[in-house]
Amino acid sequence: MSAPIVVHRAVRSGGRAVTINREIAGLAHDDGDLVGFLRRAGVYDAEHCLDDPRWVEWRGGRAHRYEVT
């Protein structure tokens, strides 16, 4: 079973798409954006789950990096 939150590969223009339970939450340009999406989705203590693989799967790039490398 995969994590309910997926941070996808960075796009050329910058930022990473975020899905929560397979629903598009938005395009995050930094951890603040990501935390905002999670809070709006009802994730309690959102900033502390970013590095927990049970909650967040970072695909196609390093965690906490939002630019194309």
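Coordinates for the structure precede this section.
Predicted, not measured: the structure shown is a model, and the values here were computed from it.

Trainee: Provide a residue-level description of unusual backbone geometry, including the pertinent values.
Mentor: Positive phi outside glycine occurs at arginine 22, with the angle close to 65°. On the secondary structure map, arginine 22 appears in the loop between strand 2 (16–20) and strand 3 (23–28). Positive phi, normally seen in glycine, also occurs at histidine 64, with a value near 70°. Mapping histidine 64 onto the fold places it in the segment after strand 4 (56–58).

Trainee: Describe the pairing of strand 3, naming the residues involved and giving the relevant values.
Mentor: A regular strand carries its side chains on alternate faces of the sheet. Pairing of strand 2 with strand 3, which is carried by five bridges, proceeds in the antiparallel orientation. Counterpart to isoleucine 20 in the pairing with strand 3 is glutamate 23. What sits between the antiparallel neighbours strand 2 and strand 3 is a turn of two residues, in which asparagine 21 has the positive phi angle 50°.

Trainee: I'd like a rundown of the nonpolar core, residues and numbers included.
Mentor: Residues Val18, Leu34 and Leu38 are the most contacted members of the largest nonpolar core, which totals 16 residues. Sorting the residues of this core by element identifies strand 1 (5–10), strand 2, helix 1 (31–40) and strand 4 as the ones contributing at least two each. Per-element tally for this core: the top contributor is helix 1, with four residues. Filtering out sequence-adjacent residues up to four positions away, leucine 34 remains in contact with Val7, Val18, Ala28, Leu50, Trp58 and Tyr66.

Trainee: Lay out the side chain of aspartate 52 in plain terms, naming residues and giving numbers.
Mentor: Relative to the helices and strands, aspartate 52 resides in the loop between helix 1 and strand 4. A polar atom in the side chain of aspartate 52 sits 2.7 Å from the side chain of arginine 54.

Trainee: Tell me what's going on with the pairing of strand 1, and back it up with residues and numbers.
Mentor: Summarising the sheet, strand 1 and strand 2 pair through four bridges and their orientation is antiparallel. Each residue of the ladder has a partner; that of alanine 10, found in strand 2, is arginine 16. The loop that links strand 1 with its antiparallel partner strand 2 comprises five residues; one of these, glycine 14, has a positive phi angle of about 105°. When strand 1 meets strand 4, the two strands line up parallel, connected through three bridges. Within the sheet, the bridge partner assigned to valine 6 lies in strand 4 and is glutamate 57.

What counts and how
Counting restarts for each chain: residues are numbered from 1 in the order of the written sequence. This being a predicted model, a pLDDT of at least 70 is required before a residue's local features are given, and a value of 80 or more before pairs of side-chain atoms are given or counted; all residues contribute to the totals for chains, interfaces and linings. With hydrogens and water excluded, all non-hydrogen atoms of the structure serve as input to the side-chain values. Strands here mean DSSP runs of E at least two residues long; helices mean DSSP runs of H or I at least four residues long; both are numbered from the N terminus. Paired strands are those between which DSSP finds at least two bridges. For our purposes a nonpolar core is just a set of buried Ala, Val, Leu, Ile, Met, Phe, Trp, Tyr and Cys residues, chained together by side-chain atoms within 4.5 Å. Relative accessibility thresholds used throughout: buried, under 20% of the residue-type maximum; exposed, over 50%; partly exposed, between the two (1.4 Å probe, protein chains only). Note on definitions: a residue-residue contact is assigned when non-hydrogen atoms from the two residues lie within 4.5 Å. Identification of polar contacts relies on pairs of N or O atoms within 3.5 Å, with a donor-acceptor requirement for protein atoms, meaning one able to donate a hydrogen and the other able to accept it, and with residues adjacent in sequence counted only if both atoms are side-chain atoms.

Spatial relationships are all this shows, so hold off on functional conclusions.
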